[in-house]
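# Report on the structure
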Amino acid sequence: MDNVVDQNVNQVVDPRNGFELPLLLFAGFRTIIDELHAELARQGHPEARPAHGFALQAIGLDGATASELGRRLGVSKQAAGKTVDRLEALGYAERADDPGDARRKVVRLTPHGLDVLARSAVVFDQIRERWAAALGEQRLRELEDGLAQLTGPSGFRLDAAGWFGG
């Protein structure tokens, strides 16, 4: 097989092979996410993990029940509950009574959770600026536009973490 990832160096052999496109896209994603989390750690969020970001986005500003969170993330209610337990332990989220239904609990972001999301947004913008400087703004916009065209309006989904695990 000529078109494989070189196991000795863990690098793509020829980026023009079709199976390597998802590897390159994932490598770009991983590079950005790793840089984000290194910077978040420097800014006071060393415990933040990529899965936390998906979960915090899925909780949103209005909050969510564990069932809603599970559906948004593409995981079971039990898995969502474990995620909430972890986010609570880290101070990113809290459970509160649902004002509309006393039998339910709603997960809400704490100020610490809102802070990590706000810092993430700033760091993502900084990373994009560096990528634009390296590739050129026009080239980066063309890449973004092309990916948006190919993935369509539902290209970004919060259930990515569940999809990887399932």
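Here we summarise the structure given alongside this text. (Residues numbered from 1 in each chain as written. Predicted model: local features only at pLDDT ≥ 70, side-chain atom pairs only at ≥ 80, totals over all residues. Heavy atoms only, no water.)

### Observations regarding the nonpolar core
Leu56, Ile59, Leu69, Leu73, Leu87, Tyr92 and Val116 are the most contacted members of the largest nonpolar core, which totals 22 residues. If you list the elements that add at least two residues to this core, you get helix 1 (20-42), helix 2 (50-59), helix 3 (66-73), helix 4 (77-90), strand 2 (101-109) and helix 5 (111-135). Counting residues per element, this core draws most heavily on helix 2, at five residues. When sequence neighbours within four positions are dropped, the list of residues in contact with Leu87 reads His52, Ala55, Leu56, Ile59, Tyr92 and Ala93. (Core = buried A, V, L, I, M, F, W, Y, C linked by side-chain atoms within 4.5 Å. Buried < 20%, exposed > 50% of the residue type's maximum accessible area, 1.4 Å probe, protein only. Helix = DSSP H or I, 4+ residues; strand = E, 2+ residues; numbered from the N terminus. Contact = heavy atoms within 4.5 Å.)

### So, the environment of Phe54
Secondary-structure assignment places Phe54 in helix 2. Take Phe54: its relative accessible area is 16%, and that puts it in the buried class. Residues Phe54 and Asp159, 105 residues apart in the sequence, show an inter-C-alpha distance of 7.7 Å.

### Focus: the environment of Val122
Considering the arrangement of structural elements, one finds Val122 in helix 5. Given a relative accessible area of 45%, Val122 falls into the partly exposed group.

### Quick look at the packing of helix 3 against helix 4
Put simply, helix 3 and helix 4 touch, their axes get as near as 8 Å, and they point 105 degrees apart. The angle between helix 3 and helix 4 falls in the class roughly perpendicular. Across from Ala66, Ser67, Leu69 and Gly70 in helix 3, the residues of helix 4 making contact are Lys77, Ala80 and Val84. Class assignment for the residues of the contact of helix 3 with helix 4 results in four nonpolar, two polar and one charged. (Axes fitted to C-alpha atoms, helices over the stretch in contact; angles between N-to-C directions. Parallel < 35°, antiparallel > 145°, perpendicular 65-115°, else oblique. Nonpolar A, V, L, I, M, F, W, Y, C, P; charged D, E, K, R; others polar.)

### Section: the pattern of salt bridges
Using the criterion set out here, one finds 12 salt bridges in the structure. As a salt-bridge pair, Asp97 and Lys105 come within 2.6 Å of each other at their nearest N and O atoms. A salt bridge links Asp98 to Arg104, with the nearest nitrogen and oxygen atoms 2.5 Å apart. The class of Asp98 is buried, set by a relative accessible area of 11%. Members of the salt-bridge network, linked through shared partners, are Arg128, Glu137, Arg141 and Glu144. (Salt bridge = Lys/Arg side-chain N within 4 Å of Asp/Glu carboxyl O.)

### Describing the packing of helix 5 against helix 6 (residues 137-151)
Working note: a packed helix pair is described by the angle between its axes plus the distance between those axes. One way to put it is that helix 5 packs onto helix 6 with a least axis distance of 6 Å and a crossing angle of 115 degrees. Relative to helix 6, helix 5 is oriented roughly perpendicular. Residues Arg128, Trp131, Ala132 and Leu135 of helix 5 form the contact with helix 6, whose own contacting residues are Glu137, Arg139, Leu140, Arg141 and Glu144. Per-class residue counts for the contact of helix 5 with helix 6 are four nonpolar, no polar and five charged.

### As for the packing of aromatic side chains
For the coordinates displayed, the defined rule picks out one aromatic pair. Between the aromatic rings of Phe26 and Phe29, the centroid separation amounts to 6.1 Å while the plane-to-plane angle is 35 degrees, which identifies the pairing as tilted. In this pair, Phe26 and Phe29 are both assigned in helix 1, three residues apart and thus about one turn of the helix distant. (Phe/Tyr/Trp six-rings, centres within 6.5 Å; stacked < 30°, edge-to-face > 60°.)

### A word on the pairing of strand 2
In regular strands, side chains alternate between the two faces of the sheet. By the bridge criterion, six bridges tie strand 1 (residues 93-98) to strand 2 in an arrangement that is antiparallel. In the sheet register, Ala93 faces strand 2, and the bridge partner there is Leu109. Following strand 1, the chain reverses through two residues before pairing antiparallel with strand 2. (Pairing = 2+ DSSP bridges.)

### Overview of a nonpolar patch on the surface
A cluster of nonpolar side chains, Leu21, Leu25, Leu135, Leu143 and Leu147, forms an exposed patch at the surface whose accessible area comes to about 390 Å². Sorting the residues of the nonpolar patch by element identifies helix 1 and helix 6 as the ones contributing at least two each. Note on placement: Leu135 falls in helix 5. (Patch = residues over 30% accessible without salt bridge, like charges linked within 9 Å, V, L, I, M, F, W, Y side chains within 5 Å. Areas by Shrake-Rupley, 256 points an atom, 1.4 Å probe, with all protein chains shown as cover.)

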